[in-house]
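Commentary on secondary and tertiary structure
Listed below, chain by chain, are the residues.
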Amino acid sequence: MSKNKSSEAVKVVVRCRPLSRKEESTGPAGGIVQMDLRLGQVILRNPRAPPSEPQKTFTFDAVYDSSSKQRDLYDESVRPLIDSVLAGFNGTIFAYGQTGTGKTYTMQGLWLDPEKQGVIPNAFDHIFTHISRSQSDKQYLVRASYLEIYLEEIRDLLDPNHGNTRGLELRESPETGVYVQDLTSCVCKSIKEIEEVMNVGNQARAVGATDMNEHSSRSHALFLITVECSQPGPDGRKHIRVGRLNLVDLAGSERQAKTGVQGDRLKEAAKINLSLSALGNVISALADGRSSHVPYRDSKLTRLLQDSLGGNAKTVMVATVGPAPQHYDETLTTLRYANRAKNIQNQPRVNEDPKDALLREFQKEIARLRAQLNHRRFRSKQKKEQVDGEAWERDGDEEGEELEEEEVEKEAEEFVKLEEQRLEKENEAIREDQFLLAEEKQKLLGENEKMMGDLRKRQEATEQLTARYKAMESKLLVGGKNIIDHTNEQQKMLEMKRQEIAEQTRREREMQQQMLVQDEEAVELRETFTSLQQEVEAKTKKLKKLYAKLQCTKAEIKDVNDEHVRSRQELEQTQNELTRELKFKYLIIENFIPPEEKNKIMNRLMFDPDEDEWKFKPLVPEESKSSQMKKRPLSAVGYKRPISQYARVAMAKGTHPRYRAENIKLLELDMTPPNTSALTDGEQNQSPTLNNSPSNDKGICKSRSWYQSQKSITSSSSNNSLLFI
């Protein structure tokens, strides 16, 4: 890959967590990771190797041991990136490492403890503090979105129904790059609001327990912040800069043998490892520099991080490792990936005046609403002066002056009150006038009521317009206003000093690393020998050093091969588990799903090459969408209820009326108390032939619901009777 003058390498830092209580009690004593904070080096010891084997050393931009503080990591490694985002660059911070190594703690930390807050809450505080201290001629708009990649599906964590809806789709634009279609975006005006957005998303995120981590992340989470800034340029026009910050909390790579996951957790682990393997392939291809193809499309995670790895962004990678000896293989893999990522070159540039800037649309809408309000207030003031008998005159010097909004609103309210009082007085005068006819009075009163109604409607429309204007204007943050109450000059100076110390520490570390490399090269140039024996000794020493490097390289090659073998075995084991589950589902399909239904499903399947997945064809073709039915058709014309095949056969035979359609009639029960007089034997025999007239009942009152024709069917268990006609 060609390196342009504007290219910038990915910044890689490594953080090591302390040993857990479980690791201290079960594993061997001591850790396998040593940190040289001054030189930015990580020294890894192989617990299974003999003591004579040299240790592996990796050099990074910065390293943080188990005693490091959250604030130190943010000030030294993350703060410069956030400043770049506020200046209009794209920025990405992502944590990479094995499960249970502290990625979520590094990114989020403990929200209630200021000393243990992670990168994300510190970034929130940094952004809104910068806005509060900026110049008053700048306007800001801050938006936030939250998504996760769960089982290779993109889910919107801010959507209340994200669990029941289909996964979101990725799209690509020449201006903005890869983006997620229909992703929820919330406008945030303070730290509290953006923290609420974060909390809502965290409650919906997929989390599960494994043998290695009680609260293991089962998905990759991306919190996206867009900061738009408008400020006047040298040409007098307002220019907009848009900075996008991607805060990525990756799920950790895991092995089934150590995590002990099964069922759904095994599927999640397979998808997580697959996407992380694709990320590793992208890092390897970019670091190699000779590969003409970078496999971004192998997973949705790499598609979303396409700009962050080799594109238009400044990127910080935080690699987290564990010091336990039993996790040596995973720690070594993480350090190798992080070491490769140092060679990735990005081409960041300022996003100035983009086409999709939402701030410009907000400004246009606010200007339009302000013009409408000014027009309405101007008309109200004109009418008020005409009512008071004053002439509307404006001097040339006063045309550019604008009244205060509060004064104009008060004048408009006073005008409405005066108009209502005037109309009330006119109504009273019309009612008291005895010379007017009733029809004329009614007509005049109706006209006044109509005028009063129109006046109230105009006032309500003005109030609604004012509310919309204030709501739109409140979404914009203006520089120079104190958004954070506790911000003062002393704290500002303290943060500036802290930033200077962090920058000085970073420069010292870079200078020491450069001096170490230069010293090794200079020693060879300054060497002089007074005798052959001295030269032989020096050459022998150099030969031993080179031989040691050769042995290290051979051991490195062997470790890489062993790592590939282990990874292949893990993948084969996962593949066998998934194949067994797939065969079980095939068995269910073959034995319990009819062949015709299976064929219908198979005929509807289609492969989408853009999304790299199988999808169902729509039931109605795209070309016939205009002619498709808008509502569910009835079961049969003229029938209110669906009719089964058995009912159709019974109706054709003309048997029981139970199978006739629409033959149910609802009759209310006659609650007249019956006469309980005894009947004679003759009357009992004649009772079925009695008619319905009360005169023949001989004192017996028969209820209509008890005595009907022979076609009636009585029901003693309900309050109503069902009659079939």
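All residue numbers refer to positions counted from 1 along the written sequence of the respective chain. Note on the predicted model: pLDDT of at least 70 is required for a residue's local features to be given, and 80 or more for side-chain atom pairs to be given and counted; whole-chain, interface and lining totals, by contrast, use all residues. As a rule here, side-chain values cover all heavy atoms of the structure and leave hydrogens and water aside.

Another aspect to go through is the overall build of the protein chain. A count of helices and strands for the protein chain gives 17 helices and 23 strands. Only protein chains enter the accessibility calculation, which uses a 1.4 Å probe; a residue is then buried when its area is under 20% of its type maximum, exposed when over 50%, and partly exposed in between. Counting the 725 residues in the protein chain, one finds 36% classified as buried. Within the protein chain, contacts between residues separated by at least 24 positions form 71% of all contacts whose residues are at least 6 apart in sequence. The method behind every accessible area is Shrake-Rupley, applied with a 1.4 Å probe, and residues are considered shielded solely by the protein chains displayed. As presented, the protein chain carries roughly 45,300 Å² of accessible surface, and 51% of it is formed by carbon and sulfur atoms. Each helix is a run of H or I in the DSSP string that is no shorter than four residues. Each strand is a run of E no shorter than two, and both are numbered from the N terminus. The contact criterion used throughout is that any non-hydrogen atoms of two residues lie within 4.5 Å.

What follows concerns a negative patch on the surface. Taken together, the side chains of Glu 424, Glu 428, Glu 432 and Glu 449 define an acidic patch exposed on the protein surface. Looking at where Glu 449 falls in the secondary structure, it is placed in helix H12 (residues 438–474). The patch calculation keeps residues exceeding 30% relative accessible area without a salt bridge and links them within 9 Å when they carry like charges or within 5 Å when they are nonpolar (Val, Leu, Ile, Met, Phe, Trp, Tyr). What makes a salt bridge here is a side-chain nitrogen of Lys or Arg within 4 Å of a carboxyl oxygen of Asp or Glu, nothing more. Positive charges are assigned to Lys and Arg, negative charges to Asp and Glu, while His and the chain termini are left out of the count. A single reference atom marks each charge: NZ on Lys, CZ on Arg, CG on Asp, CD on Glu.

Moving on, we come to the sheet that holds strand E4 (residues 41–44). We treat two strands as partners when DSSP finds at least two bridges between them. The strand order across the open sheet built from three strands is E3-E4-E5, with neighbouring strands paired in antiparallel fashion. Edge positions in the sheet fall to strand E3 (33–36) and strand E5 (56–59), since each has one partner strand and no second. For this sheet the average axis-to-axis angle between neighbouring strands, irrespective of direction, equals 20°. Sheet topology places E4 next to E5; four bridges connect them, and they run antiparallel. Within E5, the position partnered with Leu 44 by the bridge is Lys 56. In this analysis an axis means a line fitted to C-alpha atoms, helices contributing only their contacting stretch, and an angle means the value between N-to-C directions, from 0 to 180 degrees.

A few words on the packing of helix H9 (residues 328–341) against helix H14 (residues 532–592). Look at H9 against H14: their axes get within 11 Å of each other, and the N-to-C directions meet at 110°. When the interaxial angle is binned, H9 and H14 end up roughly perpendicular. Judged by the twist between their axes, the crossing of H9 over H14 is left-handed. Between H9 and H14, the residues in contact are Tyr 328, Asp 329, Leu 332, Thr 333 and Arg 336 and Glu 556, Asp 559, Val 560, Glu 563 and Arg 566, respectively. We call two directions roughly parallel when the angle between them is under 35 degrees, roughly antiparallel when it is over 145, roughly perpendicular when it lies between 65 and 115, and oblique otherwise. Throughout, a crossing is termed right-handed when the near helix is turned clockwise from the far one, and left-handed when it is turned anticlockwise from it by less than a right angle.

A cavity here means a set of points on a 1 Å grid, drawn over the protein atoms and nothing else, where a 1.4 Å probe fits but cannot get out; a pocket is an open set with protein on both sides within 12 Å along at least five of seven lines, and a residue lines either one if it has an atom within 4 Å of a point. Grid points are joined across faces, edges and corners, and a volume is the space filled by probe spheres set on the points. All chains considered together, the criterion is met by one cavity of 30 Å³ or more. Estimates place the volume of the largest cavity at around 70 Å³. As for the largest cavity, its lining consists of Ile 149, Tyr 150, Leu 151, Glu 152, Arg 218, Ser 219, His 220, Glu 268, Lys 271, Ile 272 and Ser 275. Going through the elements one at a time, strand E8 (139–150) and helix H7 (264–288) are the ones with two or more residues in the lining of the largest cavity. It is H7 that contributes the most residues to the lining of the largest cavity, four residues altogether. Charged residues are taken to be Asp, Glu, Lys and Arg, nonpolar residues to be Ala, Val, Leu, Ile, Met, Phe, Trp, Tyr, Cys and Pro, and polar residues to be all remaining types, Gly included. Taken together, the residues that form the lining of the largest cavity break down as four nonpolar, three polar and four charged.

This brings us to a nonpolar patch on the surface. A cluster of nonpolar side chains, contributed by Phe 584, Ile 588, Phe 592 and Ile 593, occupies part of the molecular surface with about 420 Å² of accessible area. Here Ile 588 shows up in helix H14.

Take the environment of Asn 202 next. Assignment of secondary structure puts Asn 202 in helix H5 (residues 191–204). Asn 202 gets classed as partly exposed once you look at its relative accessible area, which sits at 24%. Those residues in contact with Asn 202 that lie beyond four places of it in its chain are Gln 108 and Tyr 146. Think of a polar contact as two N or O atoms within 3.5 Å of one another; within protein, one of them needs to be a possible hydrogen donor and the other a possible acceptor, and neighboring residues in sequence only count if both atoms come from side chains. For Asn 202, the side chain forms a polar contact with the side chain of Tyr 146, separated by 2.8 Å.

All right, on to the pattern of salt bridges then. As a working rule, side chains carrying opposite charge can pair if their charged atoms are close by. The final tally for this structure, using the stated rule, is 23 salt bridges. Put simply, Glu 556 and Arg 336 hold a salt bridge, and the shortest N to O gap is 2.7 Å. One end of the pair, Glu 556, is in helix H14; the other, Arg 336, is in helix H9, with 220 residues separating them in the sequence. On the basis of relative accessible area, Glu 556 is assigned to the partly exposed category, the value being 26%.

Of the residues in the protein chain, 68% reach a pLDDT of 70 or more, and the chain-wide mean stands at 75. Note on scores: pLDDT gives the predictor's confidence for each residue, bounded by 0 and 100. Below pLDDT 50 for its whole length, residues 482–487 participates in 13 contacts with residues either more than four positions away or in separate chains.

The next thing to look at is the side chain of Ser 299. Mapping Ser 299 onto the fold places it in the loop between H7 and helix H8 (300–304). Excluding residues within four positions of it along the chain, Ser 299 makes contact with Glu 152, Ser 275 and Ala 278.

Okay, the pairing of strand E9 (residues 153–156) next. For E8 and E9, the ladder comprises four bridges, and the chain directions are antiparallel. Residue Tyr 150 lies in a different strand from E9, and its bridge partner there is Glu 153. Hairpin connection of E8 to E9: two residues between the antiparallel strands, including Leu 151 at a positive phi of 55°.

Moving on to the packing of helix H2 (residues 70–86) against helix H4 (residues 119–133). Following both chains from N to C, one finds H2 and H4 inclined at 45°, their axes separated by 10 Å at the closest point. With respect to H4, the axis of H2 lies oblique. The element H2 and its partner H4 pack so that their crossing is right-handed. Of H4, the residues touching H2 (which contributes Arg 71, Leu 73, Tyr 74, Val 78, Arg 79, Ile 82, Asp 83 and Leu 86) are Val 119, Asn 122, Ala 123, His 126, Ile 127 and His 130. Here the contact of H2 with H4 is composed, by residue class, of eight nonpolar, three polar and three charged.

Below, the discussion takes up the nonpolar core. What is meant by a nonpolar core is a set of buried Ala, Val, Leu, Ile, Met, Phe, Trp, Tyr and Cys residues, joined one to another through side-chain atoms within 4.5 Å. Of all hydrophobic cores here, the largest spans 48 residues; its most connected members are Phe 60 and Leu 279. In terms of residue count, the dominant contributor to this core is H7 (seven residues). In this structure, Phe 60 is in contact with Val 12, Val 14, Gly 40, Val 42, Leu 335, Ala 338, Asn 339, Lys 342 and Gln 513, ignoring residues within four places of it in sequence. Counting 40 residues, the second largest nonpolar core, distinct from the first, contains Val 85, Ile 93, Tyr 140 and Cys 229.

Looking now at the side chain of Ser 219. As for its placement among the helices and strands, Ser 219 is situated in the loop between strand E14 (216–217) and strand E15 (220–232). Ser 219 sits in the buried class, given a relative accessible area of 0%. For Ser 219, the side chain forms a polar contact with the side chain of Glu 148, separated by 2.6 Å. The contact partners of Ser 219, leaving out residues within four places of it in the chain, are Glu 148, Ile 149, Tyr 150, Arg 205, Ala 206, Asp 249 and Ala 251.

Not every positive phi belongs to a glycine, and Leu 151 is a case in point at roughly 55°. Mapping Leu 151 onto the fold places it in the loop between E8 and E9. Unlike most non-glycine residues, Glu 152 shows phi in positive territory, near 60°. Relative to the elements of secondary structure, Glu 152 occurs in the loop between E8 and E9.

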